[in-house]
Amino acid sequence: MRTRHTIRPRPVLRGLAAFALVIAPAAASPALAQAGAQSEAEAIVLRPLSFFKVNDLDFGDIIASGTAGTVTLEPDGSRSRTGGVTLAGGGGEPARFAGLGSLNRQVNISLGSNSIWITGPGTRMRVRNFEIGSTPTAILSTSPTRFRITSPLGNYNFPVGATLEVGANQAPGDYSGTFTITLNYL
């Protein structure tokens, strides 16, 4: 036996159904609303025979103790320590510089000073033995070190590492200072 069911909305329900169909798109429109966000775009346009800093020298997180020590950051990014210093985390990054010259152009690279002092909340610390990541690596000093640009396009980049002297009971905090690298294109 079959039964047949016919549903007929009552006039009031028909009106509500029609009203619901009319307002449904309006109620859903906030989901179609657009949102915007801003970002920045940057570019560096180099003039020939120039260079710039890509990133700063960062010795990473370290823990001092009652014994002085050192942290050496190699141009390849590896870190080592001596004395009472503990390396914390995986931090540390050599400074990196890049520039534009021409193929086979010789460049003299030198430091403004063979060592610098960085300051912070505690006793200042000395940074020394700046080393450029060349092949082979070379210790940079105030006396120029000569290199040749080997890229056919004349572009180049190089990392610089150094050694940080950490005092006994060095106060925790951020320490900073500056060093100057000079390039003379020959």
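For the structure itself, consult the block above.
Residues numbered from 1 in each chain as written. Predicted model: local features only at pLDDT ≥ 70, side-chain atom pairs only at ≥ 80, totals over all residues. Heavy atoms only, no water.

A.B. asks: It is not clear to me how the overall build of the chain should be interpreted in this structure. Could you clarify?
C.D. replies: For the chain, the count of helices and strands is one helix and 13 strands. Across the chain, helices and strands are ordered from the amino to the carboxyl terminus as α-β-β-β-β-β-β-β-β-β-β-β-β-β. The buried share of the chain, taken over its 186 residues, is 28%. Look at the contacts in the chain between residues 6 or more apart in sequence, and 73% of them connect residues 24 or more apart. Total accessible area on the chain is roughly 12,500 Å²; 53% of this is exposed by carbon and sulfur atoms. (Helix = DSSP H or I, 4+ residues; strand = E, 2+ residues; numbered from the N terminus. Buried < 20%, exposed > 50% of the residue type's maximum accessible area, 1.4 Å probe, protein only. Contact = heavy atoms within 4.5 Å. Areas by Shrake-Rupley, 256 points an atom, 1.4 Å probe, with all protein chains shown as cover.)

A.B. asks: So what exactly am I meant to see when it comes to a negative patch on the surface here?
C.D. replies: Taken together, Asp58, Asp61, Glu93 and Asp174 make up a surface patch of like negative charges. Structurally, Asp61 can be placed in strand β2 (residues 61-63). (Patch = residues over 30% accessible without salt bridge, like charges linked within 9 Å, V, L, I, M, F, W, Y side chains within 5 Å. Salt bridge = Lys/Arg side-chain N within 4 Å of Asp/Glu carboxyl O. Lys, Arg positive; Asp, Glu negative; His and termini not counted. Charge placed at Lys NZ, Arg CZ, Asp CG, Glu CD.)

A.B. asks: What exactly am I supposed to notice about the nonpolar core here?
C.D. replies: Note that soluble globular proteins tend to have their nonpolar side chains buried in a common cluster. Within the largest apolar cluster, 29 residues are counted, with the highest numbers of intra-cluster contacts made by Val127, Phe130, Phe158 and Ile181. Listing elements by their share of this core, those giving two or more residues are β3 (69-73), β6 (95-100), β7 (106-111), β8 (115-118), β9 (125-132), β12 (155-166) and β13 (181-185). With six residues, the top contributor of residues to this core is β12. (Core = buried A, V, L, I, M, F, W, Y, C linked by side-chain atoms within 4.5 Å.)

A.B. asks: Whenever I open this one, the pairing of β12 confuses me. Can you help?
C.D. replies: For a regular strand, side chains alternate in direction, first toward one face of the sheet and then toward the other. Within β12, nine of the twelve residues are buried, leaving the element largely enclosed by the surrounding structure. Note that β3 and β12 share five bridges and pair antiparallel. When the bridges of β12 are listed, Thr70 appears paired with Glu165. Of the strand pairs in this sheet, β9 and β12 are connected by four bridges, and their pairing is antiparallel. Its bridge partner being in β12, Glu131 is matched across the sheet by Gly161. (Pairing = 2+ DSSP bridges.)

A.B. asks: Looking at this model, I keep getting lost on unusual backbone geometry. Mind explaining?
C.D. replies: With a phi angle near 70°, Asn104 is a residue other than glycine that sits in the positive phi range. Within the element layout of this structure, Asn104 appears in the loop between β6 and β7. You will see that Asn129, though not glycine, has its phi angle at about 55°, which is positive. Following the sequence through the fold, Asn129 ends up in strand β9.

A.B. asks: Looking at this structure, how should I read the side chain of Thr163?
C.D. replies: Mapped onto the secondary structure, Thr163 falls in strand β12. Accessibility expressed as a relative area gives 6% for Thr163, which makes it buried. When near neighbours in sequence (up to four residues on either side) are disregarded, Thr163 contacts Phe59, Thr70, Val71, Thr72, Arg126, Val127, Arg128 and Asn129.

A.B. asks: Looking at this structure, how should I read the side chain of Thr145?
C.D. replies: Here Thr145 shows up in strand β11 (residues 145-148). Owing to a relative accessible area of 19%, Thr145 belongs among the buried residues under this scheme. Setting aside anything within four residues of it in sequence, one finds Thr145 in contact with Val107, Asn108, Ile109, Ala138, Ile139 and Leu140.

A.B. asks: I'm lost on the pattern of salt bridges in this one. Help?
C.D. replies: When their charged atoms lie close together, side chains carrying opposite charge are able to pair. Applying the stated criterion to the full structure yields three salt bridges. For the salt bridge of Glu165 with Arg126, the shortest nitrogen-to-oxygen distance reads 2.9 Å. In this pair, Glu165 sits in strand β12 while Arg126 sits in strand β9, placing the two residues 39 residues apart along the sequence. Note on Glu165: relative accessible area 24%, which makes it partly exposed. Overlapping salt bridges bring together Arg126, Arg128 and Glu165 as one network.

A.B. asks: Looking at this model, I keep getting lost on the packing of aromatic side chains. Mind explaining?
C.D. replies: When we look at a pair of aromatic rings, we describe it by the centre distance and by the angle of the planes. Tallied over the entire structure, the rule returns five aromatic pairs. A centroid spacing of 6.4 Å and a plane angle of 80° characterise the contact between Phe97 and Phe179, whose relative ring orientation is edge-to-face. Residue Phe97 is found in strand β6, and its partner Phe179 is found in the loop between β12 and β13; the two are separated by 82 residues along the sequence. A residue is classified by how much of its surface remains accessible, and Phe97, at 9% relative accessible area, is buried. (Phe/Tyr/Trp six-rings, centres within 6.5 Å; stacked < 30°, edge-to-face > 60°.)

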